[in-house]
Amino acid sequence: MSSDARGLAEHGGGGITPPPSVPQGRRRPRGLGWAGRLEVMILVGPALIFFVGFVIFPVIMAAYYGFFRWSGFGPATDFIGLQNYVTIFTDPIFQQALGHNAFIVVASLVLQGPVAILLALLLNRRMRGQSLIRVLIFVPYVIAEVIVGTGFSLMLATNGAVNGFLEKVGLTWLAQDWLADPSIAIWTLMAILTWKYIGFAVILFLAGLQGIPQELYEAAAIDGASYWQIQRTITLPLLGPTLRIWAFLSIIGALQLFDLVYIIWGQYVSSVAGTNTMAIYMVATGRNSGNFGYGSAVAVVIFVISLVVALIYQRTILRRDTAGAITERGVK
């Protein structure tokens, strides 16, 4: 720059603006060198290979086989287009299973959420045996689904331990066919799911409660707020991110529920008892019927439904929680 132009720039004349200076002690971010890229590839590469091989590739293959009538042996040659998908959405059994999944989603949030919050608030206070109670509440979550399903199927049978106990204490009129009665079976399933997964929600909420500053509680108590007013105005709003993450995990798990229903009711009894789910329908009409093409189409439908629900939930509910974690990258 000439001396005249420099003079004009210093006095604001000529429309010439000096280039912005970089503050001392701060450097502009620079791109990764070859060593940095190599390190990222080494660290991310194995996980990416497993993800593509065990998640992305199976989804692509399921979508491919969904367009065929395929028995699972040899190459798929009987191309039928969208016929499998048309059959899925017109089948009343699948519609029933979809309704059961929707009911389980809503019931899980309504039943497990409030109970888990109350237990977390109780266990967040100092008491005798606090650690033991936390462990006992979390134990059902770590028990294998096979053990849980087998145990409850034996206890809730017509001649099982539950009805036997009711008869012993003179409450024979309360004895029910807990597993086969269509008006009761779905609620039996919800009770089992609540017992199994309430511990995970409680531990998650306890972790969220640990992050709330105690000074807020002390200030509210000094101002004369009652215990429930403090929980409503301080605890629940600050526990919101944890609640939303738990609700997301609960929704996705309910949409893909399979193991407990299959172990307790099986693929055929579940449809009669009113507890079949989309995953049960997939196994019954796909693998066990020798129609792997149709089963693949059902798997794709379950994947798409779960993906759409997850994206909608993320864009509408989790968006404000994740917005603060996104930072703009500096300009080179």
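Per chain, residue numbering runs from 1 following the sequence as it is written. Since the coordinates come from a predicted model, pLDDT governs what is reported: local features require at least 70, and pairs of side-chain atoms require 80 or more to be given and counted, while whole-chain, interface and lining totals use all residues. For the side-chain quantities, the full set of heavy atoms in the structure was used; hydrogens and water were omitted.

## Side note on the overall build of the protein chain
Here's step 1: Per the secondary structure count, the protein chain includes 16 helices and zero strands.
Here's step 2: Partly exposed describes any residue whose relative accessible area lies between the buried limit of under 20% and the exposed limit of over 50%, with all areas from a 1.4 Å probe on protein chains only and scaled to the type maximum. Within the span of the protein chain, comprising 332 residues, buried residues form 34% of the whole.
Here's step 3: Accessible surface is estimated by sampling points in the Shrake-Rupley manner with a 1.4 Å probe; for residues, cover comes only from the protein chains shown. For the protein chain, the exposed area adds up to about 20,800 Å²; of that, 67% sits on carbon and sulfur atoms. Helix numbers and strand numbers start at the N terminus; a helix is a DSSP run of H or I with at least 4 residues, a strand a run of E with at least 2.

## Describing the pattern of salt bridges
Here's step 1: A pair is scored as a salt bridge if a Lys or Arg side-chain nitrogen falls within 4 Å of a carboxyl oxygen belonging to Asp or Glu. In total, this model carries two salt bridges according to the counting rule given.
Here's step 2: Between Arg 69 and Asp 78 there is a salt bridge, with its nearest N and O atoms 2.9 Å apart.
Here's step 3: Since its relative accessible area comes to 33%, Asp 78 is described here as partly exposed.
Here's step 4: Note that Glu 145 is salt-bridged to Lys 196, the shortest N-O span being 3.7 Å. Taken as a pair, Glu 145 in helix α6 (residues 145-155) and Lys 196 in helix α8 (residues 182-210) lie far apart in primary sequence, 51 residues in all.
Here's step 5: According to the relative accessible area criterion, Lys 196 is buried, its value standing at 1%.

## Structural notes on the packing of helix α3 (residues 83-90) against helix α15 (residues 292-316)
Here's step 1: Between α3 and α15, the shortest axis-to-axis distance is 9 Å and the interhelical angle comes to 65 degrees. It follows that α3 is roughly perpendicular to α15 by the angle criterion. Seen along the crossing, α3 lies across α15 with a hand that is right-handed. Across from Asn 84, Tyr 85, Thr 87, Ile 88 and Phe 89 in α3, the residues of α15 making contact are Gly 293, Tyr 294, Ala 297, Val 298, Val 300 and Val 301.
Here's step 2: Taken together, the residues that form the contact of α3 with α15 break down as eight nonpolar, three polar and no charged. Comment: axis = line fitted to C-alpha atoms, over the contacting stretch for helices; angle = value between 0 and 180 degrees taken between N-to-C directions. Here is the rule for angles: anything less than 35 degrees is roughly parallel, anything more than 145 is roughly antiparallel, 65 through 115 is roughly perpendicular, and the remaining ranges are oblique. Left-handed is the label given to a crossing in which the near helix is rotated counterclockwise from the far helix by less than a right angle, and right-handed is the label when the rotation is clockwise. By definition in these notes, contact holds between two residues if any of their heavy atoms fall within 4.5 Å. Under this grouping Gly is polar, as are all residues other than the nonpolar Ala, Val, Leu, Ile, Met, Phe, Trp, Tyr, Cys and Pro and the charged Asp, Glu, Lys and Arg.

## A short note on the side chain of Gln 130
Here's step 1: Secondary-structure assignment places Gln 130 in helix α5 (residues 130-142).
Here's step 2: Those residues in contact with Gln 130, other than ones at most four positions away along the chain, are Leu 123, Asn 124 and Arg 125.

## Concerning the nonpolar core
Here's step 1: Definition of nonpolar core: a set of buried residues of the types Ala, Val, Leu, Ile, Met, Phe, Trp, Tyr and Cys, connected through side-chain atoms within 4.5 Å. Grouped together as the largest cluster of nonpolar side chains are 46 residues, with contacts concentrated most on Ile 104, Leu 189, Phe 205 and Trp 265.
Here's step 2: The set of elements that each furnish at least two residues to this core consists of α4 (92-123), α6, α8, α9 (214-222), α10 (227-238), α11 (240-255) and α12 (259-264).
Here's step 3: For this core, the element with the highest residue contribution is α8, accounting for 12 residues.
Here's step 4: With sequence-adjacent residues up to four places away left out, Ile 104 is seen in contact with Ile 186, Leu 189, Met 190, Leu 193, Ala 254, Leu 257 and Thr 277.
Here's step 5: Among the nonpolar cores identified, the runner-up in size contains 13 residues, and Ala 62, Ile 88, Ala 97 and Val 298 belong to it.

## Section: the layout of surface pockets
Here's step 1: Cavities and pockets were defined on a 1 Å grid built from protein atoms only: a cavity is a group of points that admits a 1.4 Å probe but offers it no way out, a pocket is an open group of points flanked by protein on both sides within 12 Å along at least five of seven lines, and a lining residue is one with an atom within 4 Å of any such point. Grid points are joined across faces, edges and corners, and a volume is the space filled by probe spheres set on the points. By volume, the largest pocket amounts to about 370 Å³.
Here's step 2: Lining the largest pocket are 16 residues, and of these Tyr 197, Leu 249, Ser 250, Gly 253 and Ala 254 sit closest to its centre.
Here's step 3: Counting residues per element, the ones that place at least two in the lining of the largest pocket are α4, α8 and α11.
Here's step 4: A total of five residues in the lining of the largest pocket trace back to one element, the largest contributor, which is α11.
Here's step 5: By residue class, the composition of the lining of the largest pocket is 10 nonpolar, five polar and one charged.

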